[in-house]
Amino acid sequence: KQEVTQIPAALSVPEGENLVLNCSFTDSAIYNLQWFRQDPGKGLTSLLLIQSSQREQTSGRLNASLDKSSGRSTLYIAASQPGDSATYLCAVRPEDTNAGKSTFGDGTTLTVKP
Amino acid sequence: DVKVTQSSRYLVKRTGEKVFLECVQDMDHENMFWYRQDPGLGLRLIYFSYDVKMKEKGDIPEGYSVSREKKERFSLILESASTNQTSMYLCASSLGYGIAITYNEQFFGPGTRLTVL
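Predicted model, so just to flag it, every value in this text is computed and none were measured.

Topic: the layout of surface pockets
Right, so step 1: Taken as a whole, the largest pocket encloses approximately 430 Å³ of empty space.
Right, so step 2: Lys 1, Gln 2, Thr 103 and Phe 104 of chain A together with Asp 59 of chain B are, among the 19 residues lining the largest pocket, the residues nearest its centre.
Right, so step 3: Contributing elements (two or more residues each) for the lining of the largest pocket: strand 10 (103–104) of chain A together with strand 5 (42–51) of chain B.
Right, so step 4: Of the residues forming the lining of the largest pocket, the biggest block, four residues, is contributed by strand 5 of chain B.
Right, so step 5: In the lining of the largest pocket, the residues fall into seven nonpolar, six polar and six charged.
Right, so step 6: In this structure, the second largest pocket occupies an estimated 300 Å³ of space.
Right, so step 7: Lining the second largest pocket are 18 residues, and of these Gln 38 of chain A together with Gln 37, Asp 38, Pro 39 and Gly 40 of chain B sit closest to its centre.
Right, so step 8: Those elements that place two or more of their residues in the lining of the second largest pocket are strand 9 (86–94) of chain A together with strand 4 (31–38) of chain B.
Right, so step 9: Class assignment for the residues of the lining of the second largest pocket results in five nonpolar, eight polar and five charged.

Concerning the side chain of Arg 68 of chain B
All names here are of chain B.
Right, so step 1: Inspection of the secondary structure assignment puts Arg 68 in strand 7 (residues 65–70).
Right, so step 2: It is Asp 51 that comes nearest to the buried, bridge-free Arg 68 among opposite-charge side chains, at 5.9 Å.
Right, so step 3: Within the local environment of Arg 68, its side chain forms a polar contact with the backbone oxygen of His 29, the two atoms lying 3.1 Å apart.
Right, so step 4: A polar contact of 2.5 Å, which involves the side chain of Arg 68, links it to the backbone oxygen of Glu 30.
Right, so step 5: Excluding residues within four positions of it along the chain, Arg 68 makes contact with Gln 25, His 29, Glu 30, Asn 31, Met 32, Ser 49, Tyr 50, Asp 51, Val 52, Lys 53, Arg 73 and Phe 74.

Brief notes about the packing of aromatic side chains
Right, so step 1: On inspection of all chains with the given rule, the structure shows eight aromatic pairs over all chains.
Right, so step 2: Note on Phe 33 of chain B and Tyr 35 of chain B: the rings are 6.1 Å apart at their centroids and 25° apart in plane angle, and the pair reads as stacked.
Right, so step 3: Given a relative accessible area of 0%, Phe 33 of chain B falls into the buried group.
Right, so step 4: For Tyr 35 of chain B, a relative accessible area of 1% gives the class buried.
Right, so step 5: By the ring-pair criterion, three or more aromatic residues cluster together here, those being Phe 36 and Phe 104 of chain A together with Phe 33, Tyr 35, Phe 48 and Phe 108 of chain B.

What counts, and where the lines are drawn
- Residues numbered from 1 in each chain as written.
- Chains lettered and ligands numbered in written order.
- Predicted model: local features only at pLDDT ≥ 70, side-chain atom pairs only at ≥ 80, totals over all residues.
- Heavy atoms only, no water.
- 1 Å grid on protein atoms, 1.4 Å probe; cavity = no way out; pocket = protein on both sides within 12 Å on 5 of 7 lines; lining within 4 Å.
- Points joined across faces, edges and corners; volume = space filled by probe spheres on them.
- Helix = DSSP H or I, 4+ residues; strand = E, 2+ residues; numbered from the N terminus.
- Nonpolar A, V, L, I, M, F, W, Y, C, P; charged D, E, K, R; others polar.
- Buried < 20%, exposed > 50% of the residue type's maximum accessible area, 1.4 Å probe, protein only.
- Lys, Arg positive; Asp, Glu negative; His and termini not counted.
- Salt bridge = Lys/Arg side-chain N within 4 Å of Asp/Glu carboxyl O.
- Polar contact = N/O pair within 3.5 Å; in protein donor to acceptor, adjacent residues only side chain to side chain.
- Contact = heavy atoms within 4.5 Å.
- Phe/Tyr/Trp six-rings, centres within 6.5 Å; stacked < 30°, edge-to-face > 60°.

What follows is the structure in structure tokens.
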């Protein structure tokens, strides 16, 4: 059974700092990995999706990498801003399903202090 | 942009009531999902559907049922609501397997905060 772990559970940084969020998974037979952002009391917003054949994806100040063999992904946030404060979740979709059933991590709650 | 909408943001129901949570997506996605999210337990899959009238149980289907009569709409039903079903319910959708254009990205609705008294 796939297990997805995100460490640390919470992170607090000063504004302007570059930071890395971690996501690890136990079964490397994945179809893709997706990073989400969730604001308190809201739904999940998709940030980046990496296919199993890709190494990284970039969107603005965000860069997500994938090392499938070691079961790890990182989300790099450059020049953090208070508006980046949210919970960040990763989700791994396995190869052997036709419906995209994913396993989610518990998330890292990020606080960026002005 | 993909849009996933849920019928209510907040809902308060009594124990024993039958509860319907509706989810609609406007991008012709094959796959639709219902999750619940609880502090300390993360996001857990209740049911998913990969086509009209098709459904499969997720990790925690007990006490729930679903209906998908039309491709754009996926309903979650609590036959007899109980206090332990108080939670945030999230609906999501994605394209079907093998459709590579968007790599099967999942899109979420805003969530329904359900309280069962």
